[in-house]
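Remarks on the overall topology
Here are the chains, one letter per residue:
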Amino acid sequence: MKNLFSILFIAVFAFANAQESKESSNRFFYELTFKPKQDSAKLDKVITVLDITDKNRSVYQDYTVISQDSITKIEIETMQKAGVYKDLSKSLKTPKFSARIHKFYPSMKIEYVDKVANGMTPVNIAYTEDLKFNWKISDEKQKIGEYNTQKATTEYGGRTWTAWFSTDLPFQDGPYKFSGLPGLIVKIEDAGKNYSWILQGNKKIKEYNEFSYIESLMQATGGKPKELTREKFDKTFNDFKKDPFASVRPMMSQEIMSKPMPGTDGTIGDMMKKQEKMYKDFYNANDNPIEKANSISVGNLEKVGKEKDKK
């Protein structure tokens, strides 16, 4: 997806004002290596970020769209000055993951957020979880990059996970939904190596905004998430994946569909078909989700080996 709802909504919202942020954050960059297809040995990679803010929360998301902010800003400002719309689909890279995961300190309650369409407007839907991972901490240690780390294992989402955390980084957090260890998770992967995150670096963000420049500019941040049960969330999102333009199509008359799309050689109808194909290709590209099952093994932190003997 060329940033959720990008091409169609740039034409509508390109001249809106961005919102300013009042948060700061510690941004941790994780390289995620993953297997998008269950029956394929092919691996894919993407940079994701965990932003631990000074507002007692963290935000985990794909970094692809954020990384293009400076280029996108120049393109948009050029469009504004010229008063001419340009198709940005040729210059924007496609993110691998569309969801955001919020963790709220100190409870570490999780809010999983993604976008669906409500007519021409993107809206956020979400479900919440109170996860307490049953970590088993080993006495095994390892140097990963510049960090001294310690091993821990857990079961989650139908997979067995091995994590390496560092007390040098005093955050009980990690990529995706993972948290609850005595330090930041530096590396974590499942036993089958379907998903593997490794910390690549970090920096301070003085003026933090979890939304990219283009999302804010297009007013496409989705608004306050609509809280659903996990079951209702899954159904709503699966319905959206099957027919991304179900709520848009009734609003588009044949007359509108046949109008030229600014900045392209085609019509609005042509652009909608292109966007629909992008959505379906995006969602069909991954049939190997992080969580294989709805059942979750949770519990208390447990120490094993020499760490257990010290108790």
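Note that this is a predicted model, so its numbers are computed, not measured.

1. Examining the overall build of the protein chain
- Scanning the protein chain from N- to C-terminus turns up 8 helices and 13 strands.
- Split into buried and exposed, the 311 residues of the protein chain put 49% on the buried side.
- Considering only contacts in the protein chain between residues 6 or more positions apart, those separated by 24 or more positions represent 65%.

2. Focus on the pattern of salt bridges
- This structure, assessed with the given rule, holds 16 salt bridges.
- Residues Glu 210 and Arg 100 are paired through a salt bridge, measuring 3.6 Å at the closest nitrogen-oxygen approach. Of the two residues, Glu 210 sits in the loop between β11 (195-208) and α4 (213-217) while Arg 100 sits in strand β4 (residues 100-104), which places them 110 residues apart along the sequence.
- The exposure class assigned to Arg 100 is buried, which follows from its relative accessible area of 7%.
- Residues joined by salt bridges that share partners form a network here, namely Glu 129, Lys 177, Arg 230, Asp 234 and Glu 291.

3. Concerning the pairing of strand β8 (residues 147-156)
- As paired elements, strand β7 (residues 136-144) and β8 share 6 bridges and run antiparallel to each other. Looking at the pairing, Lys 136 lines up with Thr 153 of β8.
- Hairpin remark: β7 followed by β8, antiparallel, with 2 residues in the connecting loop; positive phi at Gly 145, about 65 degrees.
- Note that β8 and strand β9 (residues 159-166) share 7 bridges and pair antiparallel. In the strand pairing of β9, Gln 150 is matched with Phe 165.
- Where β8 folds back onto β9 in an antiparallel hairpin, the turn is made up of 2 residues, including Gly 157, whose phi is positive at roughly 60 degrees.

4. A short note on helix α7 (residues 268-284)
- For α7, built from 17 residues, the straight-helix expectation of 24 Å at 1.5 Å per residue is met to within 8% by its first-to-last C-alpha distance of 24 Å.
- Taken residue by residue, α7 has Ile 268, Gly 269, Met 271, Met 272, Gln 275, Glu 276, Met 278, Tyr 279, Phe 282 and Tyr 283 as its buried positions.

5. Thoughts on the environment of Tyr 283
- Inspection of the secondary structure puts Tyr 283 in helix α7.
- Taking the relative accessible area as the measure of exposure, Tyr 283 reaches 12% and is therefore buried.
- In sequence terms Tyr 283 and Lys 96 are 187 residues apart; their C-alpha atoms lie 9.4 Å from each other.

6. Some thoughts on the side chain of Lys 177
- Following the sequence through the fold, Lys 177 ends up in the loop between β9 and β10 (184-190).
- Within the structure, Lys 177 has its side chain in polar contact with the side chain of Tyr 156 (distance 3.3 Å).
- Within the local environment of Lys 177, its side chain forms a polar contact with the side chain of Glu 291, the two groups lying 2.6 Å apart.
- Non-local contacts of Lys 177, meaning those with residues more than four positions away in its chain, are made with Ile 101, Lys 103, Ile 110, Tyr 112, Tyr 127, Glu 129, Leu 131, Phe 133, Tyr 156, Arg 230 and Glu 291.

7. Comments concerning the layout of surface pockets
- Counted as a void, the largest pocket has a volume near 1100 Å³.
- Contributing to the lining of the largest pocket are 45 residues, with Phe 97, Tyr 112, Lys 241, Asn 286 and Pro 289 lying nearest its centre.
- Going through the elements one at a time, β1 (23-34), β2 (44-53), β3 (57-62), β5 (109-118), α5 (230-242) and α7 are the ones with two or more residues in the lining of the largest pocket.
- Looking at the lining of the largest pocket element by element, the count peaks at 6 residues for α5.

Here is what the cut-offs are and how they apply
- Residues numbered from 1 in each chain as written.
- Predicted model: local features only at pLDDT ≥ 70, side-chain atom pairs only at ≥ 80, totals over all residues.
- Heavy atoms only, no water.
- Helix = DSSP H or I, 4+ residues; strand = E, 2+ residues; numbered from the N terminus.
- Buried < 20%, exposed > 50% of the residue type's maximum accessible area, 1.4 Å probe, protein only.
- Contact = heavy atoms within 4.5 Å.
- Salt bridge = Lys/Arg side-chain N within 4 Å of Asp/Glu carboxyl O.
- Pairing = 2+ DSSP bridges.
- Expected span 1.5 Å × (residues − 1).
- Polar contact = N/O pair within 3.5 Å; in protein donor to acceptor, adjacent residues only side chain to side chain.
- 1 Å grid on protein atoms, 1.4 Å probe; cavity = no way out; pocket = protein on both sides within 12 Å on 5 of 7 lines; lining within 4 Å.
- Points joined across faces, edges and corners; volume = space filled by probe spheres on them.

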